[in-house]
Amino acid sequence: RNHLHAAGHICVLKDALTYESPTEIANLISTDKFDAALAIHLYKGGRLLQGSRIPFGIIFGGTDVNEDTKYEEKHRVMGAVLGEARFAVAFTMKMKELAAAEWPDARKKIYVQTQGIKTTPSETFDWYRFLQSADIPTDTGSLHMFLLICGLRRVKDPLYLVDAFSDWHRRDPSVHLGIIGPAVDPLFTSEVKEKVKRAPGVHLLQEMPQDDLHAAMKRCFAVVNSSISEGMSAAILEAMDLDIPVLARNIPGNAAIIKHKETGLLFSDPQEFVVLSKGLMNDPIMEKEIVTRAKDYVKKHHSWESERKAYQNLVLRL
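Scoring rules and cut-offs
Each chain carries its own residue numbering, running from 1 in the direction its sequence is written. Local features are withheld for residues below a pLDDT of 70 in this predicted model, meaning they are given only at 70 or higher, and side-chain atom pairs are given and counted only at 80 or more; totals for whole chains, interfaces and linings count all residues. Computation of side-chain values: all heavy atoms of the structure, hydrogens and water removed. UniProt positions are given in the numbering used here, feature names are shortened, and annotations may be inferred rather than shown by experiment. To qualify as a helix, a DSSP run of H or I must reach at least 4 residues; to qualify as a strand, a run of E must reach at least 2; elements of each kind are numbered from the N terminus. Either an automatic procedure or a domain database provided the assignment from which the domain bounds are taken. Joining two parts hides part of their accessible area as seen by a 1.4 Å probe, and the buried area is that hidden amount summed over both. The salt bridge definition used is simple: a Lys or Arg side-chain nitrogen within 4 Å of an Asp or Glu carboxyl oxygen. Definition of a polar contact: a pair of N or O atoms within 3.5 Å, with one able to donate and the other able to accept a hydrogen when the atoms are protein atoms, and with sequence-neighbouring residues admitted only if both atoms are side-chain atoms. Residues are grouped as follows: nonpolar covers Ala, Val, Leu, Ile, Met, Phe, Trp, Tyr, Cys and Pro; charged covers Asp, Glu, Lys and Arg; every other residue, Gly included, is treated as polar. Note on classification: 1.4 Å probe, protein chains only; a residue is buried when its accessible area is under 20% of the maximum for its type, exposed when over 50%, partly exposed between these limits. In this scheme, strands are said to pair when DSSP sees at least two bridges between them. Axis lines are fitted to C-alpha atoms, over the contacting stretch for helices. Their N-to-C directions set the angle, which ranges from 0 to 180 degrees. By the convention used here, residues are in contact when the closest approach between their heavy atoms is within 4.5 Å. Note that a disulfide, as used here, is simply two cysteine sulfur atoms within 2.5 Å.

- Per an unreviewed UniProt entry, the chain is named Glycosyltransferase 1 domain-containing protein 1, and its organism is Phaethon lepturus.

Here it is as structure tokens:
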């Protein structure tokens, strides 16, 4: 939205989950006299723009191309939406190829634009208060805080590491895992709460403004991603930009931005996560090298300015 505002457009954000059908969006378009639309997620957002009276573009979310293509009805709807869209944006070449394999006619209208990253850590963030509110001991100099940032829904699999992490915490009380993010799926969120209650060393943390979250990330030992499927994780890229090492589940979306032992660490199961984490804790030289290379990678490939230019140009196609 900032990119479009900067180009002089008026940009209104709407949550696709609050709308049931294309008719509701059609009414919104005619009432508010919108000129164009940009939908995030080919199915969740895109289906609402089917048969739209205004030109629109699509930004792939990740689960649309990785997961929703497995369901016949969703596949059909997404193909129709892509047929109508003026353009589509994929975060990686791999995602573009996956989409083009499903809908070959759309290949020419799919552009690859990585996510641009800009971190804004708050100057006034109180780390000790943050730890206290999570019941994490603040008097230890040896605290190793791992942070898992994700919306609480199944595809993000926030419970994947909980048992292994808890076992590790029992042997080494200095390690703690914080899970933080919005309660996207209320039923699953209560499952997460129940599980975490019984898992020493694992904490479900209060959601916080982005500036504070960036400041908290800066104080952590590492940022973790355990998703089953991922488009391109902004949290991973933000951690890289903030000089914090990343440990991520070895899935295509994560492997597209992390080179194992070069710009981060990729794990294939919870046991490997613990082994790699211990290795990182015991090897400050490797940690420094990973962090330095990751920061260079983000600067080079995830420039906020390049993203701004790309979206401003794409919107002109509408």
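1. With respect to the UniProt feature "domain: Glycosyl transferase family" (unreviewed entry) in the chain
Right, on to step 1. Taken from the UniProt record, the annotation "domain: Glycosyl transferase family" (unreviewed entry) applies to residues 151-295.
Right, on to step 2. When the span residues 151-295 is considered, its composition is 47% helix and 14% strand, and the gap between its end C-alpha atoms is 25 Å.

2. Quick word on the domain arrangement of the chain
Right, on to step 1. Looking at the chain, the domain boundaries give domain 1 (1-116 + 303-316) and domain 2 (127-302).
Right, on to step 2. Of note, the centres of domain 1 and domain 2, computed from C-alpha atoms alone, are 29 Å apart.
Right, on to step 3. Of the roughly 970 Å² buried at the junction of domain 1 and domain 2 (both faces included), carbon and sulfur atoms supply 55%.
Right, on to step 4. In this assembly, domain 1 and domain 2 are joined by zero salt bridges.
Right, on to step 5. Taken together, domain 1 and domain 2 are joined by seven residue pairs in polar contact (both at pLDDT 80 or more).
Right, on to step 6. Taken together, the elements giving at least two residues each to the side of domain 1 that touches domain 2 come down to α3 (63-66) and α5 (93-102).
Right, on to step 7. Here the residues of the side of domain 1 that touches domain 2 sort into three nonpolar, nine polar and three charged.

3. Description of the environment of K261
Right, on to step 1. As for its position among the elements, K261 is in the loop between α11 (252-255) and β10 (265-267).
Right, on to step 2. Overall, the relative accessible area of 47% leaves K261 in the partly exposed class.
Right, on to step 3. Residues K261 and L276 lie 15 residues apart in sequence; the distance between their C-alpha atoms is 9.6 Å.

4. Topic: the pattern of salt bridges
Right, on to step 1. As enumerated under the stated definition, the model contains twelve salt bridges in all.
Right, on to step 2. Between K74 and D68 there is a salt bridge, and its shortest N-O distance comes to 3.5 Å.
Right, on to step 3. The class of K74 is partly exposed, set by a relative accessible area of 25%.
Right, on to step 4. Where K156 meets E230, a salt bridge forms, and the shortest distance between an N and an O atom there is 2.7 Å. Remark: E230 occurs in the loop between β8 (222-225) and α10 (234-241) and K156 occurs in the loop between β5 (144-149) and α7 (162-171); sequence separation between them is 74 residues.
Right, on to step 5. K156 sits in the buried class, given a relative accessible area of 13%.

5. Some words on the sheet that holds strand β6 (residues 175-180)
Right, on to step 1. Spatial strand order, β7-β6-β5-β8-β9-β10: six strands in an open sheet with parallel pairing. With one partner strand each, in any of the chains shown, β7 (202-205) and β10 form the two edges of the open sheet. Strand after strand, the sheet turns through a mean of 25 degrees between neighbouring axes, direction not considered.
Right, on to step 2. Packing against the sheet, helix α9 (residues 210-219) makes contact with β5, β6 and β8, and its axis sits at approximately 140 degrees to β5.

6. Section: the side chain of H302
Right, on to step 1. Locating H302 in the fold gives a position in the loop between α13 (284-301) and α14 (304-315).
Right, on to step 2. Relative accessible area serves as the criterion here: at 1%, H302 is assigned to the buried category.
Right, on to step 3. Polar side-chain contacts of H302 include one of 2.8 Å to the backbone oxygen of Q115.
Right, on to step 4. Excluding residues that lie within four positions of it along the chain, H302 makes contacts with T114, Q115, G116, I117, M232, L237, I257 and Y297.

7. Some words on α10
Right, on to step 1. Counting buried residues in α10 gives seven out of eight residues, a clear majority hidden from the surface.
Right, on to step 2. Residues of α10 that are buried in the fold lie against β5, α9, β8, β9 (246-249), α11 and α13.
Right, on to step 3. For α10, the N-terminal cap is S233; the gap from its side-chain oxygen to the backbone nitrogen of A235 is 3.4 Å.
Right, on to step 4. One or two residues past the end of α10 sits D243, with phi positive at roughly 65 degrees.

8. A few points about α9
Right, on to step 1. Every buried residue of α9 is accounted for by L213, H214, A215, A216 and M217.
Right, on to step 2. Each element contacted by the buried residues of α9 is listed here: α6 (127-133), β5, β6, β8 and α10.

9. Remarks on the pairing of β9
Each regular strand shows side chains that alternate between the opposite faces of the sheet.
Right, on to step 1. Residues V246 and A248 point to one face of β9 and L247 and R249 to the other, with burial holding for every one of them.
Right, on to step 2. Here β9 pairs with β10 via three bridges, running parallel. Bridging from a neighbouring strand, L247 pairs with L265 of β10.

10. A short note on the state of the cysteines
Right, on to step 1. Within the structure shown, the criterion is met by zero disulfides.
Right, on to step 2. Among the cysteines around C220, which has no disulfide bond, C150 carries the closest sulfur, lying 14 Å off.

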